[in-house]
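Residues per chain, in single letters:
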Amino acid sequence: IRRRWNREELPIYDRAIGVQGKVTVQFHIDDKGRISQSFLVSSSGNDELDRLALRAIPDRLPPIPRELAMAGLRHKVTLRYKNPLISSSQP
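For clarity, every value in this text was computed on a predicted model and none was experimentally measured.

Moving on, we get to the pattern of salt bridges. Inspection of the entire model under this criterion finds four salt bridges. We note a salt bridge from arginine 15 to glutamate 9, for which the minimum N-O separation is 3.6 Å. Exposure remark for glutamate 9: the relative accessible area of 39% places this residue in the partly exposed category. Taking the shortest distance from any N to any O, the salt bridge between glutamate 48 and arginine 51 comes out at 3.1 Å. Highlighted residues: glutamate 48 and arginine 51, both in helix H3 (residues 47–56), separated by three residues, approximately one helical turn. Judged by relative accessible area, glutamate 48 falls into the buried class, the value being 18%. Residue class for arginine 51 comes out partly exposed when judged on its relative accessible area of 44%.

Rules used in this analysis
Residues numbered from 1 in each chain as written. Predicted model: local features only at pLDDT ≥ 70, side-chain atom pairs only at ≥ 80, totals over all residues. Heavy atoms only, no water. Salt bridge = Lys/Arg side-chain N within 4 Å of Asp/Glu carboxyl O. Buried < 20%, exposed > 50% of the residue type's maximum accessible area, 1.4 Å probe, protein only. Helix = DSSP H or I, 4+ residues; strand = E, 2+ residues; numbered from the N terminus.

Keep in mind that these numbers describe shape and distance, not what the molecule does.
See the structure below:
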């Protein structure tokens, strides 16, 4: 998920106006690793950034090991976007 998120980039307009923030997404993983029921738990306040976060969730992850005897699980992840056009140092 993190790798997919790091490949995403906001459109130049959103970067130029300084959009950055964090998005929390929750989803269900079945025992075969299939992802379903992805939704925003906490919005960044920017529709495009929220869409990027939902796209970072793949359709499939590795299956849940049989030893765990789980039919599935819910997972929540918070993704942060730091705008590369905003300086991290304060004057």
